[in-house]
Amino acid sequence: MYRLTPRMLQRLKTDLSKYHDLFNSKRCSGWELEELIVAAIKSDTQAQHHVQWQEAGHDDRADIIVHIKTLEYPVQIKSGSIKTNKLTLSGHRLGRFKGDMKEIVDYLNNQAANIMAIPYRQINSNQGRQHIYRVGYVDIRNLTNLDAHAWGLKGKQWIQVNSAGVEFSLRPSMSWQIWWRIPCNLVEMTDEFIIG
């Protein structure tokens, strides 16, 4: 699994600080995070990591591909949030499968890109607003092992929990978008860093 070096993490923190100097009221969104992660990877010239990124790309397999010598690391960049010790991430819309659970499960069980999540929370106090980020690395193998016949309808969502304890939520009203609730013990996390 690909991980940022300490120098890359420092560059990410610096760039997020610059971002919030300009935009203090909101989080840095997913597509903006992609660009900041690419800049962070490029900043550590000693690491010999080369990143391939297609600006505004819609590849649902990988947002970026990091090359280290002869190895390739496909990575999806996600924002997300942590609540009740679970990392919540949104995935791609799967409407093209027209609700065919077998096709959806086959697709989800065969993802190749690990996920780099940048969960966020905000604290507002008398001293001002603080933006709190961290970096989490999600092994895609924990987001597989689904069964096409194990979905249960809960409200307007189709829910399934895999053997790793990850809750999958399919939302037909959102073009069959997939959401994950991942137990934090399955996510390798950096320490939080505070901006503001």
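Parameters at a glance
- The written sequence of each chain sets the order in which its residues are numbered from 1.
- The predicted nature of this model means local features are confined to residues of pLDDT at least 70 and side-chain atom pairs, given and counted, to a pLDDT of 80 or more, with totals for whole chains, interfaces and linings taken over all residues.
- Side-chain calculation: all heavy atoms of the structure are included, whereas hydrogens and water are not.
- A run of DSSP states H or I qualifies as a helix once it reaches four residues; a run of E qualifies as a strand once it reaches two. Both are numbered from the N-terminal end.
- When we talk radius of gyration, it's over C-alpha atoms, and the globule rule is simply 2.2 Å times the number of residues to the 0.38.
- Buried residues are those whose accessible area, probed at 1.4 Å on protein chains only, stays under 20% of the maximum for their type, while exposed residues exceed 50% and partly exposed ones sit between those limits.
- Each accessible area is a Shrake-Rupley result for a 1.4 Å probe, and residues are judged covered by the shown protein chains and nothing else.
- Whether two residues are in contact is decided by their heavy atoms: any pair within 4.5 Å suffices.
- Polar contacts here mean pairs of N or O atoms no more than 3.5 Å apart (in protein, one a potential hydrogen donor and the other a potential acceptor; neighbouring residues in sequence count only if both atoms are side-chain atoms).
- In short, DSSP must find at least two bridges between two strands for them to pair.
- Think of each axis as a best-fit line through the C-alpha atoms, taken over the contacting stretch in the case of a helix, with angles from 0 to 180 degrees between the N-to-C directions.
- For a helix, the expected span equals 1.5 Å multiplied by the residue count minus one.
- It is the directions from the helix axis to the C-beta atoms that the arc portrays.
- Salt-bridge detection follows one rule: a side-chain nitrogen of Lys or Arg within 4 Å of a carboxyl oxygen of Asp or Glu.
- Centres within 6.5 Å make a pair out of two Phe, Tyr or Trp rings, where for Trp the six-membered ring is used; the pair is then stacked when the planes are under 30 degrees apart, edge-to-face when over 60, and tilted otherwise.

A look at the overall build of the protein
In step 1: Scanning the protein from terminus to terminus reveals 3 helices and 15 strands.
In step 2: The C-alpha radius of gyration computed for the protein amounts to 17 Å, which stays within 12% of the reference 16 Å derived for 196 residues, consistent with globular compactness.
In step 3: Taken over the C-alpha atoms alone, the protein extends approximately 50 × 45 × 30 Å along its principal axes.
In step 4: Expressed as a percentage of the 196 residues in the protein, the buried residues total 43%.
In step 5: For the protein, the accessible surface area stands at approximately 10,700 Å², while carbon and sulfur atoms represent 48% of it.

A word on the side chain of histidine 20
In step 1: Mapped onto the elements of the fold, histidine 20 is located in helix α1 (residues 6–22).
In step 2: Sequence-distant contacts of histidine 20, that is, excluding residues within four places in its chain, are made with Lys26, Arg27, Cys28, His131, Tyr133 and Ile195.

Some details on the side chain of threonine 5
In step 1: As for its placement among the helices and strands, threonine 5 is situated in the segment before α1.
In step 2: A polar atom in the side chain of threonine 5 sits 2.6 Å from the side chain of aspartate 44.
In step 3: Non-local contacts of threonine 5, meaning those with residues more than four positions away in its chain, are made with Asp44, Ala47 and His49.

Quick look at the sheet that holds strand β6 (residues 114–117)
In step 1: The 6 strands are arranged β1-β2-β3-β6-β9-β14 in an open sheet whose pairing can be described as mixed. The sheet is open, and its two borders are formed by β1 (50–53) and β14 (187–189), each paired with just one other strand. Going across the sheet, the axis of each strand differs from the next one's by a mean of 30 degrees, ignoring polarity.
In step 2: Its contacts with the sheet put helix α2 (residues 30–43) on β1, β2 (64–68), β3 (71–78) and β6, and the angle it makes with β1 is roughly 155 degrees.

What about α1?
In step 1: Compared with an ideal rise of 1.5 Å per residue, which puts 17 residues at 24 Å, α1 spans 25 Å between its outermost C-alpha atoms and is within 8% of the ideal.
In step 2: Within the sequence span of α1, burial applies to Met8, Leu9, Leu12, Asp15, Leu16, Tyr19 and His20. Projected down its long axis, α1 carries its buried residues within an arc of 140 degrees, all on one side. Exposed side of α1, more than 90 degrees from the buried face: Pro6, Lys18 and Asp21 are the residues found there.

Here we look at unusual backbone geometry
In step 1: Despite not being glycine, glutamine 48 shows a phi value in the positive range, around 60 degrees.
In step 2: Inspection of the secondary structure assignment puts glutamine 48 in the loop between α2 and β1.
In step 3: Positive phi, normally seen in glycine, also occurs at threonine 84, with a value near 45 degrees.
In step 4: Within the secondary structure layout, threonine 84 lies in the loop between β4 (81–83) and β5 (86–93).
In step 5: You can call threonine 84 exposed: its relative accessible area is 68%.

Observations regarding the sheet that holds strand β13 (residues 177–183)
In step 1: Pairing is antiparallel across the open sheet formed by 6 strands, whose spatial order is β4-β5-β13-β12-β11-β10. Because the sheet does not close on itself, it has two edges, and the strands there are β4 and β10 (152–154). When the angles between neighbouring strand axes are averaged without regard to direction, this sheet yields 30 degrees.
In step 2: Note: β4 against β5, 3 bridges, orientation antiparallel. Residue pairing across strands places lysine 83 opposite lysine 86, the latter belonging to β5.

Topic: the pattern of salt bridges
Once the charged atoms of two side chains with opposite charge are near each other, the side chains can pair.
In step 1: Inspection of every chain in the model, using the stated rule, returns 7 salt bridges.
In step 2: Here arginine 181 and glutamate 167 are joined by a salt bridge, their closest N and O atoms 3.9 Å apart. Residue arginine 181 is found in strand β13, and its partner glutamate 167 is found in strand β12 (residues 167–171); the two are separated by 14 residues along the sequence.

Points about the packing of aromatic side chains
In step 1: Taken as a whole and assessed by the stated rule, the structure comprises 5 aromatic pairs.
In step 2: Judged by centre distance (5.5 Å) and plane angle (50 degrees), the ring pair of phenylalanine 97 and tyrosine 107 falls under tilted. Residue phenylalanine 97 is located in the loop between β5 and α3 (101–108), and its partner tyrosine 107 is located in helix α3; the two are separated by 10 residues in the primary sequence. With respect to burial, phenylalanine 97 and tyrosine 107 carry one shared label: buried.
In step 3: With a centroid separation of 6.2 Å and an interplanar angle of 20 degrees, the aromatic rings of tyrosine 133 and phenylalanine 193 are classed as stacked.

Note that every value here comes from positions in space, so none of it alone points to a role or purpose.
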